[in-house]
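Summary of the model geometry
The chain contents come next:
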Amino acid sequence: QVQLVESGGGLVQAGGSLRLSCAASGLIFSNYRMGWFRQAPGKEREFVATISSAGGTYYADSVKGRFTISRDNAENTVYLQMNSLKPEDTAVYYCAAKMGLITTAPGSYNYWGQGTQVTVSS
């Protein structure tokens, strides 16, 4: 049974930083592309960042230069370092896993975590 468990969310002031983690189990982690998505109240789930099994990364324009996705295949964990946070970054953040080519479409990811809340105060 595949499980993705996010942690590291919380309340932070604008300009601050947070580091999210997503621990994976029940799959061969190194074979999977991992992604981070977020969903704010009343909005659709949106792509944030993705990292391939080999470490190639791609970001949404809204977070480029502020967020960094990374992975540790030995620990079966993917991270999202978030710097210079803005109130508009407030959302529930989800990690997700899929095999194969890069995509920003949530529906293309096969496995999802339960999410972790990030709140950025102004």
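For the structure given in this document, a descriptive report is provided here. (Residues numbered from 1 in each chain as written. Predicted model: local features only at pLDDT ≥ 70, side-chain atom pairs only at ≥ 80, totals over all residues. Heavy atoms only, no water.)

**Things to note about the pattern of salt bridges**
Side chains that carry opposite charge are capable of pairing whenever their charged atoms lie near each other. Taken as a whole and judged by the stated rule, the model has four salt bridges. With a closest N to O distance of 2.6 Å, Glu46 and Arg38 form a salt bridge. A relative accessible area of 37% places Glu46 in the partly exposed class. For the salt bridge of Arg38 with Asp89, the shortest nitrogen-to-oxygen distance reads 2.9 Å. Linking Arg38 in strand E4 (residues 33-39) with Asp89 in the loop between strand E8 (77-82) and strand E9 (91-98), this pair joins segments that are 51 residues apart in sequence. Relative accessible area serves as the criterion here: at 6%, Arg38 is assigned to the buried category. Put simply, Arg38, Glu46, Arg66 and Asp89 are held in one network by salt bridges that share partners. (Salt bridge = Lys/Arg side-chain N within 4 Å of Asp/Glu carboxyl O. Buried < 20%, exposed > 50% of the residue type's maximum accessible area, 1.4 Å probe, protein only. Helix = DSSP H or I, 4+ residues; strand = E, 2+ residues; numbered from the N terminus.)

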